[in-house]
Structure formats: C-alpha cells, structure tokens
Amino acid sequence: MNILRKAAFAALAAVLLAPVAASAQEVTLRMVSAFSENSIYVVRLQKWIQTVNAEGKGTLQINFIGGPKAIPTFEVGNALKTGVVDLALSAGAFYTNLMPEADALKLAQIPIAEQRKNGAFELINEIWNKKANIYYLGRPVEGEPFHLYLTKKITKPDLTGLKIRITPVYRDFFQALGANVVTTPPGEVYTALERGVVDGYGWPIGGIFDLNWHEKTKFRVDPGFYMAEVSVLMNLDAWKKLAPKQRAYLHKQILASEADNGFWLRNNEAETKRQAAAGIQTIKFDAATSKQYYDKAYEVGWAGAIKASPEYGPRMKKLLSK
Ligand code: 173
C-alpha cells in the first residue's frame, strides 16, 4: 500500500512538474545600447531584435528601451552590472570604470569565430563574469578599423599642440603622438568640434555622418588601427536565470549575427567613398612612417592594457593577437 501510494505520488508529481521543466515560460529581456539609435550598429541591432522576437515567440523576447537618452553611454556598464537592464550593446571603452580589461578587446586581431575556438572567448567570460557580473554574449561588429579625424592638417604623425577627443580606445596612442586629449561620449563630439574645443577625434571608418561630424571634419588620417569592438553583453544573473533552451536560443541568434560580418567590409568601403564625396581629405604618410604609426598603436595599446591589468593583460594579448 505504502509503495503504491508512493508510486502514485511520484506519477502525479511527474505529470505536474514535467511541463514546467520542459518548457520554461517566455522571458522578456530589457536591452539598451550605448550608441545612438540612428547609428548603423543600432540599426542592425534592431533588425536582429526583430528576428529574435519573431522566431523566439514562447521562448525569449527582447524589449529595446533605447540609446544614450535612456541610459548615458558611460553608465550603460553599471546599469548592466547591477541588473537595471538585462542586455546591452556597448563597446569596452565605455565601461572601463567596471574593469580596465574591457578596452583591450579593440586590440584583437583574430575574428570572434576564432576567439570562440582558441580559448579567448572563455578567458573573456572568466574576466567579465568575475569583475563586472557580465556575461559576454558575442561580437556582432567586426573588421571596422578606427581612424584619427582632424580639422587641421598634419604632415607627420605628431599631434603636439592639438587637442583630440578620445575615449579610452585612443588615449595611450594619441598621447604617445603628443596630443592633448579630452574624453567625451559620442553624443558630445559635434558640440566639441563646433566650439573648437577639439581639433579632431577618434572614430571607426563608419559612422561619422550619423551625428553630422562630417560637417566639421576636414581630414582623415590613414591607415586605420585596431578594430572597433561592439558587443552584446548580458547581466550575469539574468543569464543564469535563463532556462537551457533560452540560453541556447540566444546563443544561436548571436552566432547568426556574427556570421553576417561580411556586411562590415562593404560598409567600410561605402563609408570611405562617402567621406571622399563629402570633401574629407585623406592624410597618408610614406610607407615606413605608416608602418611605424600602425605598429605604435598596438605597442602602446598592449602596454597600456598590461599595465592596467597585469593579471589578465598578458593572457589576453597571447590569445587575441595574430
Ligand atoms: O566613442 C568612441 O570613439 C569609441 O570608443 C567607439 C568604440 C567602438 C565603436 C565606435 C566608437
């Protein structure tokens, strides 16, 4: 009798619990972006969210709250760490207040697909989880180099006497070239140019038209250096709360967006042409000077990253360099 009762109870429990375990309820995640809503990063993000939501009915939905007007660029990291939002599209340079290692991802010379294979991705998550309570989901933007843009002409890589708008991305490099630097979020670049507070700024090859900086820009210095790192990040507690099926779904969708990275090369070409058409002149150095300029960017970049994180900098360098 006792055994029968136990068996009946177990059967009942299985019936009651099975549906819960097999299909977790749909979850809605709140997402912000550190870039303005009209930037190509966010335009593409919104398309991605549409796909995620269309294919994720009953599993997972993303509610896009907005760009820096919702949460200021440099505060997105903290909002993510503390769980004010679940997901964010941001660049490491915008959350170095949480962990200096964030900015080192700009120095990666191998694609994210390879980072997922060679242990770099695991290392990134080890650091990001521990130091910022962030799960590093993936990197949908690739192959977009940074450049120096100027309102005044230079003939050699010497920025002495010039004031340049930066984020942590460019600090060590532009300072090594003699610049005076001023940090601003992207949203304040136009005003800084307009008021003559800065003589130039750092930004990737794409996007200077989004906030009308082309109106104030006269020169772009080639070559580009580093690679713009724009990633999808998740609050670690929110990630842990997802059911395995929901995690797998998000993972599948982020891999799909990474696989679509051919877009960036086409975009780089189009934006380069658009800059020329807008009258922005290219400043090029001779081959030896160009190489010195490019090599110096990485040299001081890694030196800065290792100084900021003696613990992880060398390991990141080993796994992210070519
Ligand atoms: O604001 C910036 O110049 C910056 O740090 C950045 C990082 C990644 C992509 C675009 C800009």
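Think of each chain on its own: its residues are numbered from 1, step by step along the sequence as written. Only residues with pLDDT of at least 70 are given local features in this predicted model, and only at 80 or more are side-chain atom pairs given and counted; all residues enter the totals for whole chains, interfaces and linings. Side-chain measures were taken over the full set of non-hydrogen atoms in the model, leaving aside hydrogen atoms and water.

Caption draft 1: Region of interest: the sheet that holds strand β1 (residues 27–33). Taken in spatial order, the 5 strands line up as β2-β1-β3-β10-β4 in an open sheet, and their pairing is mixed. The open sheet is flanked by β2 (60–66) and β4 (134–141), the only strands paired with a single partner. For this sheet, the mean angle separating the axes of adjacent strands, direction not counted, is 25°. As defined by bridge partners, β1 adjoins β2 across 6 bridges and the pair is classed as parallel. In the strand pairing of β2, V32 is matched with G66. Contacts are residue-level and defined by heavy atoms, with any inter-residue pair within 4.5 Å sufficient. Helix axes use the C-alpha atoms of the stretch in contact, all axes being lines fitted to C-alpha atoms, and the angles between their N-to-C directions lie in the range 0 to 180 degrees. Segments assigned H or I by DSSP are reported as helices when at least four residues long, segments assigned E as strands when at least two residues long, and all are numbered from the N terminus. Along the sheet, helix α5 (residues 120–132) makes contact with β4 and β10 (230–235), crossing β4 at roughly 130°. Any two strands are treated as partners once DSSP identifies two or more bridges connecting them.

Caption draft 2: A look at the pairing of strand β7 (residues 180–183). Sheet topology note: the strand β6 (residues 163–166)/β7 ladder contains 4 bridges and is parallel. Within β7, the position partnered with R165 by the bridge is V182. With the strands aimed away from the viewer, a crossover counts as right-handed if its path from the first strand over the helix to the second runs clockwise. Following the chain from β6 across helix α6 (residues 168–176) to the adjacent parallel β7, one finds a crossover that is right-handed.

Caption draft 3: Molecular detail of the packing of aromatic side chains. The aromatic pairing rule takes the rings of Phe, Tyr and Trp, using the six-membered ring of Trp, and pairs them if the centres are within 6.5 Å, calling planes under 30 degrees apart stacked, those over 60 edge-to-face and the rest tilted. On inspection of all chains with the given rule, the structure shows 23 aromatic pairs. Ring geometry for W128 and Y136: centres 5.9 Å apart, planes at 70°, overall edge-to-face. In this structure, W128 and Y136 share a single accessibility class: buried. Summarising the aromatic geometry, the rings of F263 and W264 are spaced 4.9 Å apart at their centres and angled 90° between planes, so their arrangement reads as edge-to-face. Neither F263 nor W264 differs from the other in exposure class; each is buried. Aromatic ring contacts, followed pair by pair, group F35, Y41, F74, F94, Y149, Y201, W203, W213, F263 and W264 into a single cluster. In this scheme, the term charge over a ring applies when either NZ of a lysine or CZ of an arginine sits within 6 Å of the ring centre and within 35 degrees of the ring normal. In this structure, R44 packs its charged tip against the face of F263, placed 3.8 Å from the ring centre. For each residue, the accessible area found with a 1.4 Å probe, counting protein chains only, is set against the maximum for its type, and the residue is called buried under 20%, exposed over 50%, and partly exposed in between.

Caption draft 4: Region of the structure containing the environment of T272. Mapped onto the elements of the fold, T272 is located in helix α10 (residues 262–277). Since its relative accessible area comes to 30%, T272 is described here as partly exposed. Measuring from C-alpha to C-alpha, the distance between T272 and K163 comes to 24 Å, with 109 residues separating the pair along the chain. Each residue touching T272, except ones within four places of it in the same chain, is listed here: I205 and R220. Reaching out from T272, the side chain makes a polar contact with the backbone oxygen of N268 at a distance of 2.6 Å. Nitrogen and oxygen atoms within 3.5 Å of one another constitute a polar contact, given that in protein one can donate a hydrogen and the other can accept it, and given that sequence-neighbouring residues count only through two side-chain atoms.

Caption draft 5: Local environment of the site of the ligand. Nearness here has a simple test: a residue counts as near a molecule or strand if at least one of its heavy atoms is within 4 Å of that partner. Around the ligand, the structure places 17 residues, and the nearest of them are R165, T167, V169, Y170 and W203. At 2.8 Å, a side-chain N or O of R165 approaches an oxygen atom of the ligand. In the model, an oxygen atom of the ligand is placed 2.8 Å from a nitrogen or oxygen of the T167 side chain. When residues of the shell around the ligand are traced back to their parent elements, those giving at least two are α6 and β8 (200–204). Here the element with the most residues in the shell around the ligand is β8; it accounts for 3 residues. Residue classes follow a fixed rule: Ala, Val, Leu, Ile, Met, Phe, Trp, Tyr, Cys and Pro count as nonpolar, while Asp, Glu, Lys and Arg count as charged, and any other residue, Gly among them, counts as polar. A per-class count over the shell around the ligand returns 13 nonpolar, 2 polar and 2 charged. When residues of the shell around the ligand are assigned to domains, at least three map to each of domain 1 (18–142 + 228–265) and domain 2 (146–227 + 274–320). For every domain, the bounds stem from an assignment made automatically or drawn from a database.

Caption draft 6: Focus on the packing of helix α2 (residues 40–55) against α10. At their nearest, the axes of α2 and α10 sit 13 Å apart, and the two run at 145° to each other. The element α2 and its partner α10 pack so that their crossing is right-handed. Note on element contacts: α10 touches α2 through F263, W264 and N267, opposite I40, Y41 and R44. Taken together, the residues of the contact of α2 with α10 break down into 4 nonpolar, 1 polar and 1 charged. For any pair of crossing helices, the crossing counts as left-handed if the nearer helix is rotated counterclockwise from the farther one by less than a right angle, and right-handed if it is rotated clockwise.

Caption draft 7: Highlighting the nonpolar core. What is meant by a nonpolar core is a set of buried Ala, Val, Leu, Ile, Met, Phe, Trp, Tyr and Cys residues, joined one to another through side-chain atoms within 4.5 Å. Among the nonpolar cores identified, the biggest contains 102 residues, and W128, F174 and M234 are the most heavily contacted of them. Tallying contributions element by element places α5 first for this core, with 7 residues. Of the residues that make up this core, three or more belong to each of domain 1 (18–142 + 228–265) and domain 2 (146–227 + 274–320). Apart from residues no more than four positions distant in its own chain, F174 is found in contact with L148, L159, I164, I166, A179, V181, G202 and F225.

Caption draft 8: Main features of the domain arrangement of the protein chain. Here the protein chain is partitioned into domain 1 (18–142 + 228–265) and domain 2 (146–227 + 274–320). The C-alpha centroid of domain 2 is placed 26 Å from the C-alpha centroid of domain 1. Counting from both sides, the interface comprises 34 residues of domain 1 and, opposite them, 27 residues of domain 2. Here the buried area means the combined drop in accessible surface, using a 1.4 Å probe, for two parts upon being joined, counting both sides. Summing both partners gives a buried area of about 2600 Å² for domain 1 against domain 2, and 67% of it is carried by carbon and sulfur. Looking only at domain 1, the three residues that lose the most surface to domain 2 are K106, L107 and L123, adding up to 23% of its buried area. By definition, a salt bridge exists where a carboxyl oxygen of Asp or Glu is found within 4 Å of a side-chain nitrogen of Lys or Arg. Counting across the interface, domain 1 meets domain 2 through 2 salt bridges. A salt bridge links R315 to E126; the nearest nitrogen and oxygen atoms lie 3.6 Å apart. One can count 9 residue pairs in polar contact (both at pLDDT 80 or more) joining domain 1 with domain 2. Those elements that provide at least two residues to the side of domain 1 that touches domain 2 are α2, α4 (112–118) and α5. For the side of domain 1 that touches domain 2, the leading source of residues is α5, giving 7 residues. Each residue belonging to the side of domain 1 that touches domain 2 can be placed in one class, and the counts come to 17 nonpolar, 9 polar and 8 charged.

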